[in-house]
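Here are the chains, one letter per residue:
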Amino acid sequence: MTDVPVEVDGRRMTISNLDKVLYPRTGTTKGEVLHYYATIAPVLLPHLADRCVTRIRWPHGVGDSSFFEKNAPSGTPSWVRTVEVPTTGSRSGNGAGVIRFPVVDDLATLTWLANLAALELHVHQWRADADGTLLPPDRLVIDLDPGEPAGLHECAQVALLVRDALAERGLACCPVTSGSKGLHLYADLTVLDEGEVPDSDASTALAKEVAEELQKAHGRLVTATMTKSRRGGKVFLDWSQNAGSKTTVSPYSLRGRERPTVATPLTWAEVEAGAEDPLALEQLEFTDVLARVEELGDLLETG
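Residues numbered from 1 in each chain as written. Predicted model: local features only at pLDDT ≥ 70, side-chain atom pairs only at ≥ 80, totals over all residues. Heavy atoms only, no water.

**Q** I'd like a description of the overall build of the protein chain, backed by residues and values.
**A** The helix and strand tally for the protein chain stands at seven helices and 17 strands. Its C-alpha atoms give the protein chain principal-axis dimensions of about 60 × 45 × 35 Å. Residues counted as buried form 53% of the 303 residues belonging to the protein chain. Residue pairs in contact within the protein chain that sit at least 24 positions apart in sequence constitute 67% of those at least 6 positions apart. As displayed, the protein chain has an accessible area near 13,800 Å², and 48% of this comes from carbon and sulfur atoms. On the protein chain, the mean spot of the 29 positive side-chain charges and the mean spot of the 43 negative ones are 7 Å from each other. (Helix = DSSP H or I, 4+ residues; strand = E, 2+ residues; numbered from the N terminus. Buried < 20%, exposed > 50% of the residue type's maximum accessible area, 1.4 Å probe, protein only. Contact = heavy atoms within 4.5 Å. Areas by Shrake-Rupley, 256 points an atom, 1.4 Å probe, with all protein chains shown as cover. Lys, Arg positive; Asp, Glu negative; His and termini not counted. Charge placed at Lys NZ, Arg CZ, Asp CG, Glu CD.)

**Q** I'd like a rundown of the packing of aromatic side chains, residues and numbers included.
**A** Here the structure, examined in full by the defined rule, presents two aromatic pairs. The structure contains a cluster of three or more aromatic residues connected by ring pairs, namely Tyr36, Tyr37 and Phe286. For the cation-ring pair, Arg163 lies above Trp268, with the distance from its terminal atom to the ring centre recorded as 4.7 Å. (Phe/Tyr/Trp six-rings, centres within 6.5 Å; stacked < 30°, edge-to-face > 60°. Lys NZ or Arg CZ within 6 Å of the ring centre and 35° of its normal.)

**Q** Describe empty space enclosed by the protein, naming the residues involved and giving the relevant values.
**A** Summed over all chains, the structure comprises one cavity of 30 Å³ or more. For the largest cavity, the calculated volume is near 50 Å³. Tyr252, Thr264, Pro265, Val289, Arg292, Val293, Leu296, Gly297 and Leu299 together form the lining of the largest cavity. Here the lining of the largest cavity is built from residues that sort into six nonpolar, two polar and one charged. (1 Å grid on protein atoms, 1.4 Å probe; cavity = no way out; pocket = protein on both sides within 12 Å on 5 of 7 lines; lining within 4 Å. Points joined across faces, edges and corners; volume = space filled by probe spheres on them. Nonpolar A, V, L, I, M, F, W, Y, C, P; charged D, E, K, R; others polar.)

**Q** Please give an account of the side chain of Glu69 that cites residues and values.
**A** With respect to the secondary-structure elements, Glu69 resides in strand 6 (residues 67–69). Glu69 sits in the buried class, given a relative accessible area of 12%. Only 2.9 Å separates the side chain of Glu69 from the side chain of Arg57, close enough to count as a polar contact. Those residues in contact with Glu69 that lie beyond four places of it in its chain are Val53, Thr54, Arg55 and Arg57. (Polar contact = N/O pair within 3.5 Å; in protein donor to acceptor, adjacent residues only side chain to side chain.)

**Q** Please give an account of the layout of surface pockets that cites residues and values.
**A** Once rolled over the atoms, a probe with the size of a water molecule shows which space is left empty. Volume-wise, the largest pocket comes out at about 610 Å³. Lining the largest pocket we find 28 residues, and of these Asp143, Asp145, Asp238, Gln241 and Arg255 sit closest to its centre. Elements that contribute at least two residues to the lining of the largest pocket include exactly strand 5 (53–57), strand 9 (118–123), strand 12 (139–146), strand 14 (183–188), strand 16 (235–238) and strand 17 (248–249). Considered class by class, the residues forming the lining of the largest pocket number seven nonpolar, ten polar and eleven charged. Roughly 380 Å³ of internal volume is contained in the second largest pocket. Broken down by secondary-structure element, the contributors of at least two residues to the lining of the second largest pocket are helix 1 (30–48), strand 14 and helix 7 (299–302). If you tally residues by element for the lining of the second largest pocket, the top one is strand 14, at three residues. Among the residues forming the lining of the second largest pocket, the class breakdown is six nonpolar, three polar and six charged.

**Q** Break down the packing of helix 1 against helix 6 (residues 286–296) for me, citing the residues and quoting the values.
**A** Between helix 1 and helix 6, the shortest axis-to-axis distance is 11 Å and the interhelical angle comes to 25 degrees. One finds that helix 1 runs roughly parallel with respect to helix 6. Note that helix 1 runs across helix 6; the crossing there is left-handed. Contacts between helix 1 and helix 6 involve Glu32, Tyr36, Thr39, Ile40 and Val43 from the first element and Phe286, Val289, Leu290 and Val293 from the second. When the residues that make up the contact of helix 1 with helix 6 are grouped by side-chain class, the tally is seven nonpolar, one polar and one charged. (Axes fitted to C-alpha atoms, helices over the stretch in contact; angles between N-to-C directions. Parallel < 35°, antiparallel > 145°, perpendicular 65-115°, else oblique. Left-handed = near helix turned anticlockwise from the far one by under 90°.)

**Q** So what's going on with the pairing of strand 12? Residues and values would help.
**A** Side chains on a regular strand alternate between the two faces of the sheet. Most of strand 12 sits inside the fold, with eight of its eight residues counted as buried. Both faces of strand 12 are covered, namely the face carrying Arg139, Val141, Asp143 and Asp145 and the face carrying Leu140, Ile142, Leu144 and Pro146. In this sheet, strand 14 lies alongside strand 12 in antiparallel orientation, the contact comprising six bridges. By the bridge assignment for strand 14, Leu144 is matched with Leu183. (Pairing = 2+ DSSP bridges.)

**Q** Describe in detail the side chain of His47, supporting the description with residues and values.
**A** Tracing the chain through its elements places His47 in helix 1. Since its relative accessible area comes to 13%, His47 is described here as buried. Side-chain polar atoms of His47 contact the side chain of Asp298, separated by 2.8 Å.

Worth remembering: the numbers are spatial, not functional.
Below, the structure written as structure tokens:
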């Protein structure tokens, strides 16, 4: 396993251990992970742009331990853009310190992180401008998390209910598999009139309002309660990921699961089929996602 010097978009770095197996179940190597991220970059980078990135790293593969990393690690190249964020959930600057997050705006930074075995890339619902100023959230996300024995079939049914509830509030949403167990629904807040874009507290309250409304109307299928013991057979509408300090795995990010699954944008026709047929939806692997993007483009952009 030798180190390989490479140049990506004019940035020089050293890639290591290309043959290391990061997904033992499928034999997927670090080289294949790097290839996936390089190939998917044209549709992934717009979803990462200007967003602080929390990484989950598996240095020895998904069969071994992992760790969350928020701060840019020691040895971060000088050309990697970073943003300092107050450690308080309110981002008011009154806390005891800051977190220096990397921002992934280019292929070189994405490649650097993939070389560190940062398989999962999690981002906030807000962005930072060129001066590092933290902006209001530009999207709302609702995470549909099924409690066993519920699965993607039940998530698809609930996704249709959420779609209608958000439409009543003037918001269209797009579905994305989580790459893990459930679905994520994204709604673009920039379509709101000037002055109506909410802060993180307000967008969290809106997501919670939708979750509680659907829990009341469809209590056998939906829960807005975080207590895991009360989620059995139901779909938890996790509204909390809209808080300023919370993150959601980025669309097109790999997941550190047994297989190299990806958070994958879907069409609503696929979700509707999944609501009818328990076998119609599944979490897709990176090879499937590359083929979908080549055929369909970025469904989050076109949807």
